[in-house]
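Each chain, written out:
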Amino acid sequence: METLIAYCSIFIMIVTTIIVYFKFKYQYWTRRGIPSLETYIPFGTMRNPITDKISLQELLQEQYNICKNSGWRYVGSYIFTVPQLLVVDPQIIKCMLTKDFNHFMERGMYNEEDDPLSMHLFSLGTSRWKRLRPKLTPTFTSGKMKMMFDIVVTCGYQLEKSMQTICAKGAIDIKEVLECFTMDVIGSCAFGIDCNSFTDPSSEFCRYSKRIFSPTRLENVIGLFVYVFPSVAKTLHLKGIPKDITEFFFNIVTRSVQYRRETGLVRKDFLQILMELADEQTNDPISFNELVAQVFVFFIAGFETSSTTMAFCLLELCVDPSMQDKLRDEVNSVLRRHNSALTYQNLKELKYMNAVIDETLRKYPPVPMLHRECIKDYQLPHTNITIKKGTK
């Protein structure tokens, strides 16, 4: 009996200690005079990543609404016991990303040794980012985008042809159709390959492209752990991007680069621009791993985001037929003025189209958050509150 009481006492002490520890951790923002979201042991202000079915976007929307409805410009949140500051005030965000950007150059997501595909601009921080950014910025000028426009138009004709066949069969899944289109566009611009998504949707390229955006629950948990505890993840050699995806993209870029260099083939696409940067006769050309990582992020940033935006745009046009008619009239008017020719210059005349797309992005942003890590103490504008170094 005494032994049982002793074990129960030890158990109660352990549970009490754990609860006190979490409660203390969850007072981090309150001690600094910053409002905090409601917390739940042990997940903080987030949900159970294994059992909960709510998406990250929906969770952030809930937290954003709480912050706005309470009149807060920022609010403290937690992933497990790690504090994060959710900023919703546009003026503070503007300061952080422009005038005070030197405080927020780190992303905390870069792991060259275990995750070579993480060596892209959305993950790199500080010195690596500063080195790579000037090299890649010129690749996204209007001139470079114009150079790839013919590729986009060609894929558009393939979409038009396929739609005629698909629609004849009855109701269609428009999101799936748009994914095929954006896969063809980004695959051609980024990798220089013909994906043929409409005719061969089960191809290896299509399969892995969709695999990126359909992680298993275990991969989601690992990805969350890598984000929250990057130092521990590096020690354990955990990968934020699954090994099979990394190997696939390295293999496909390697084959494309080797083929072009052996045959002398030159294409007006993103891969060609990166190959030229890698071949620069300078002391600091980009490495092959960096080349592959930029191609990878170009793909993931354009494939799902574009198809999702177009799908939501079409939804809004269906809901409001008058808006749909107005947009169709504008497109037909521009095409009539230019003998049905679709060019890069003609797109600038589609003012209403641009407004429709901008409003779609406002209502349905495909990227739910932009994360930064404070690299030196920062005083929030017009307050006496200091954000400590290392805070996400």
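The rules behind these values
Residues numbered from 1 in each chain as written. Predicted model: local features only at pLDDT ≥ 70, side-chain atom pairs only at ≥ 80, totals over all residues. Heavy atoms only, no water. Helix = DSSP H or I, 4+ residues; strand = E, 2+ residues; numbered from the N terminus. Buried < 20%, exposed > 50% of the residue type's maximum accessible area, 1.4 Å probe, protein only. Contact = heavy atoms within 4.5 Å. Phe/Tyr/Trp six-rings, centres within 6.5 Å; stacked < 30°, edge-to-face > 60°. Lys NZ or Arg CZ within 6 Å of the ring centre and 35° of its normal. Patch = residues over 30% accessible without salt bridge, like charges linked within 9 Å, V, L, I, M, F, W, Y side chains within 5 Å. Areas by Shrake-Rupley, 256 points an atom, 1.4 Å probe, with all protein chains shown as cover. Salt bridge = Lys/Arg side-chain N within 4 Å of Asp/Glu carboxyl O. UniProt positions renumbered as here; feature names shortened; annotations may be inferred.

A. Region of the structure containing the environment of Phe-140. Along the chain, Phe-140 turns up in the loop between helix H5 (126-136) and helix H6 (142-147). Phe-140 gets classed as partly exposed once you look at its relative accessible area, which sits at 42%. Between the C-alpha atoms of Phe-140 and Ser-231, which are 91 residues apart in sequence, the distance is 33 Å. Not counting chain neighbours up to four residues away, the residues in contact with Phe-140 comprise Met-145, Phe-270 and Phe-298.

B. Up close: the packing of aromatic side chains. As enumerated under the stated definition, the model contains 19 aromatic pairs in all. Centroid distance Phe-43 to Phe-80: 5.9 Å. Interplanar angle 50°. Geometry classified as tilted. Here Phe-43, found in the loop between helix H2 (28-31) and helix H3 (56-69), pairs with Phe-80, found in the loop between strand S1 (74-79) and strand S2 (82-87); they are 37 residues apart in sequence, far enough to count as distant. Above the ring of Phe-24, the side-chain terminus of Arg-31 is found at 4.3 Å from the ring centroid. One Lys or Arg, Lys-392, reaches over the ring of Tyr-227 and ends 4.9 Å from the middle of that ring.

C. Broad picture of a nonpolar patch on the surface. Together, Phe-11, Ile-12, Val-15, Ile-19 and Ile-41 line one region of the surface with nonpolar side chains, adding up to about 440 Å² of accessible area. Residue class for Phe-11 comes out exposed when judged on its relative accessible area of 55%.

D. Representation of the UniProt feature "transmembrane region" (unreviewed entry) in the protein. According to UniProt, the positions carrying the feature "transmembrane region" (unreviewed entry) are residues 6-24. From the first C-alpha to the last, residues 6-24 spans 27 Å; its make-up is 100% helix and 0% strand.

E. Representation of the pattern of salt bridges in the model. Applying the stated criterion to the full structure yields 16 salt bridges. Two residues, Glu-290 and Arg-131, come together in a salt bridge whose shortest N-O distance is 2.7 Å. Taken as a pair, Glu-290 in helix H14 (residues 288-319) and Arg-131 in helix H5 lie far apart in primary sequence, 159 residues in all. Of the residues examined, Arg-131 reaches a relative accessible area of 22% and is grouped as partly exposed.

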